[in-house]
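# Structural features, examined
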Amino acid sequence: MSERHPDGFLKRSRQPLAYRDPRQRIADYDEILAGWQADAIQAQGERCMDCGVPTCMAGCPLGNLIPDWNDLVSRQRWREALARLHATNNFPEFTGYTCPAPCEPACVLGRDDEAVSIKAIERAIVDMGWAQGWIRPEPPPHRSGQRVAVVGSGPAGLACAQQLNRAGHAVTVFERSEVVGGLMALGIPDFKIAKHRVARRVAQLAAEGVRFLTGRCVGRDPSLAQLRARFDAVCLAIGAGAARELALPGRSLAGVDLAMDFLVAENHRQAGRAAAPHIDVHGQRVLVLGGGDTGADCVATAHRQGACTVTQVSVRGAPPLQRAPDNPWPQWPRIRRRSYALEEGGEEAFALDAVAFLAAAGHGRVAAMQFERVAWHYDGQGRRSGRQVLDPEVVLPADQVLIAIGFAGPDLAPFAGTGLGPGPRGTLATDAAMMSSLPGVFVAGDARRGASLVVWAIGEGRDAARQIDLYLRGHSELPASLMSPNPPLA
Ligand SMILES: Cc1cc2nc3c(=O)[nH]c(=O)nc-3n(C[C@H](O)[C@H](O)[C@H](O)COP(=O)(O)OP(=O)(O)OC[C@H]3O[C@@H](n4cnc5c(N)ncnc54)[C@H](O)[C@@H]3O)c2cc1C
Ligand code: SF4
């Protein structure tokens with residue numbers, strides 16, 4: 001066993017997470033991340049300074065014990081590192097493959113040097129765990145006799161279900177889709193995380209005793225009232241998947257689609273399912289409306305389908321190239337980055353406000369889009385407060401437009417009339433204990449926070465599990481997540 005170098009950060013430079021060559025990876029749907037070498041990961045672990053105040057941990061919404069597992073990996077104690085990783089994160093491969101890693105800009109080393117490659121180390125630990133067969137089902141030694149229904153099988157629902165099951169409760173997960181995994185399975189493209197990684201965790205939960213019922217839209221069949229009568233507590237982890245629309249002239253033209261219809265259909269196609277009509281952009285000029293991550297995934301999928309041109313359009317102005325004075329370390333840097341998708345090709349356009357979808361005369365299919373080029377004014381809190389039109393008629397040609405302008409919140413139609421209270425931004429309201437306006441009905445993940453990240457969803461699922469355990473028993477040994485704003489009930 002090798003000894004750790006306490007001054008590793010002076011001797012070794014950062015080796016960031018490696019990606020496959022963009023020219024090769026657009027030819028397939030395999031993961032864009034390249035493989036890793038154990039000795040290189042160990043050397044990266046040695047760069048951790050083991051700070052007295054580990055600001056990286058505060059940067060991670062889960063409060064992952066980053067310096068601990070950096071140290072263990074640097075000493076080749078991989079199995080112990082895996083145990084420390086699992087102490088705060090049920091599914092480290094979900095984050096190791098998809099997390100934007102807000103921990104890294106918060107790393108102390110990153111203030112004057114380059115941050116520790118935390119995400120690369122996390123991914124390697126959990127990959128090693130699966131490869132070595134260290135990750136196995138952990139069924140609870142005793143059963144509590146109490147039953148919990150978890151609605152939704154995304155990362156929030158799965159984390160909540162695993163925690164509650166391990167605490168001894170009998171957990172049933174109800175999923176509207178035929179596929180378990182939420183956006184991990186039916187939203188995020190295969191090339192960001194291969195779907196066998198999700199299926200493997202679902203199998204682990206099932207082997208631990210969690211029951212999965214798919215094709216069951218709660219609110220309709222069964223109703224929420226039926227669920228509350230049959231279970232001692234319910235957790236709604238139904239995501240925030242209702243798309244934000246762009247109600248402009250020409251919206252009903254053929255060739256204008258929502259990003260999620262495009263991405264979900266491609267996920268089904270890659271899995272060999274023909275569950276949804278496939279939107280094929282081969283040979284087309286594609287406009288993606290929305291400068292965020294969902295838009296980037298549309299750009300990357302369009303490349304793989306063989307689009308002729310792809311342009312990602314943002315209504316916002318281009319972000320600065322360096323941190324602004326009001327955005328200091330260790331905050332997440334609000335700077336311009338070229339996404340993985342644009343590294344593969346395509347253009348980006350900023351400060352274009354959509355006006356209309358245009359068709360060629362006599363045709364029912366989109367042929368172009370009209371925009372206004374704008375300059376935004378901001379208030380003291382950085383919110384847009386006004387706009388100036390610089391050019392009233394910017395027209396971009398398009399055979400296919402994909403709308404990726406965000407999400408309006410959870411789909412609450414099945415829950416109409418149940419008495420569930422609305423929260424901010426179309427989400428579901430909860431009290432400090434994550435309980436909705438209905439006693440015994442809790443909410444977790446995007447349904448509570450609004451559209452967010454996998455890492456937050458896992459943390460929300462863990463926190464909701466603790467709150468439900470407290471509600472059922474009056475005490476709980478399940479850990480709270482660092483992010484938890486929720487005081488214990490007992
Ligand atoms: C295209 C795309 C790419 C993304 N990429 C990333 C990324 O790279 N990194 C990252 O961190 N985050 C990413 N995200 C965000 C991330 O996927 C979400 O924040 C996360 O999945 C939310 O988890 P959740 O469990 O709250 O909800 P979801 O994952 O949305 O799961 C909710 C589940 O509830 C089910 N459901 C809804 N209503 C009912 C009902 N009435 N009855 C039964 N079941 C129901 C749904 O079918 C779904 O399976 C991405 C999101 C999208 C859309
Ligand atoms: S979950 Fe995300 S933020 Fe937390 S340590 Fe891993 S990469 Fe960093």
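### Brief notes about helix α6 (residues 78-86)
For α6, the set of buried residues is Trp78, Ala81, Leu82 and Leu85. All buried residues of α6 fall inside an arc of 105 degrees around its axis, so they share one side. In this fold, the buried residues of α6 make contact with α3 (38-46), α5 (66-74), α7 (92-98) and α9 (118-131).

### Quick notes on the packing of aromatic side chains
A full pass over the atoms with the stated rule returns six aromatic pairs. Ring geometry for Phe191 and Tyr340: centres 6.3 Å apart, planes at 50 degrees, overall tilted. Note that Phe191 is positioned in the loop between α11 (183-186) and α12 (195-208) and Tyr340 in helix α16 (residues 340-343), a separation of 149 residues in sequence. The pair formed by Phe191 and Tyr340 is uniform in burial state, with each residue classed as buried. For the cation-ring pair, Arg111 lies above Trp329, with the distance from its terminal atom to the ring centre recorded as 5.0 Å. In this arrangement the basic side chain of Arg200 is found over the ring face of Trp130, its NZ or CZ atom lying 4.2 Å from the centre.

### Brief notes about the domain arrangement of the protein chain
How large an interface is tends to be reported as the accessible area lost when its parts come together. For the protein chain, the assigned domains read domain 1 (8-131), domain 2 (147-241 + 408-473) and domain 3 (245-405). Of note, the centres of domain 1 and domain 2, computed from C-alpha atoms alone, are 28 Å apart. Between domain 1 and domain 2, the residue contacts involve 23 residues of the former and 24 residues of the latter. Of the roughly 2,200 Å² buried at the junction of domain 1 and domain 2 (both faces included), carbon and sulfur atoms supply 67%. Sorting the residues of domain 1 by area buried against domain 2 places Asn90, Phe91 and Phe94 first, and these three jointly supply 30% of that buried surface. Here domain 1 is connected to domain 2 by three salt bridges. Between Arg201 and Glu93 there is a salt bridge, with its nearest N and O atoms 2.6 Å apart. Taken together, the connections running from domain 1 to domain 2 amount to 12 residue pairs in polar contact (both at pLDDT 80 or more). Counting residues per element, the side of domain 1 that touches domain 2 draws most heavily on α7, which supplies six residues.

Rules of the game
- Residues numbered from 1 in each chain as written.
- Chains lettered and ligands numbered in written order.
- Predicted model: local features only at pLDDT ≥ 70, side-chain atom pairs only at ≥ 80, totals over all residues.
- Heavy atoms only, no water.
- Buried < 20%, exposed > 50% of the residue type's maximum accessible area, 1.4 Å probe, protein only.
- Helix = DSSP H or I, 4+ residues; strand = E, 2+ residues; numbered from the N terminus.
- Arc of directions from axis to C-beta.
- Contact = heavy atoms within 4.5 Å.
- Phe/Tyr/Trp six-rings, centres within 6.5 Å; stacked < 30°, edge-to-face > 60°.
- Lys NZ or Arg CZ within 6 Å of the ring centre and 35° of its normal.
- Domains from an automatic or database assignment.
- Buried area = accessible area lost by both parts, 1.4 Å probe.
- Salt bridge = Lys/Arg side-chain N within 4 Å of Asp/Glu carboxyl O.
- Polar contact = N/O pair within 3.5 Å; in protein donor to acceptor, adjacent residues only side chain to side chain.

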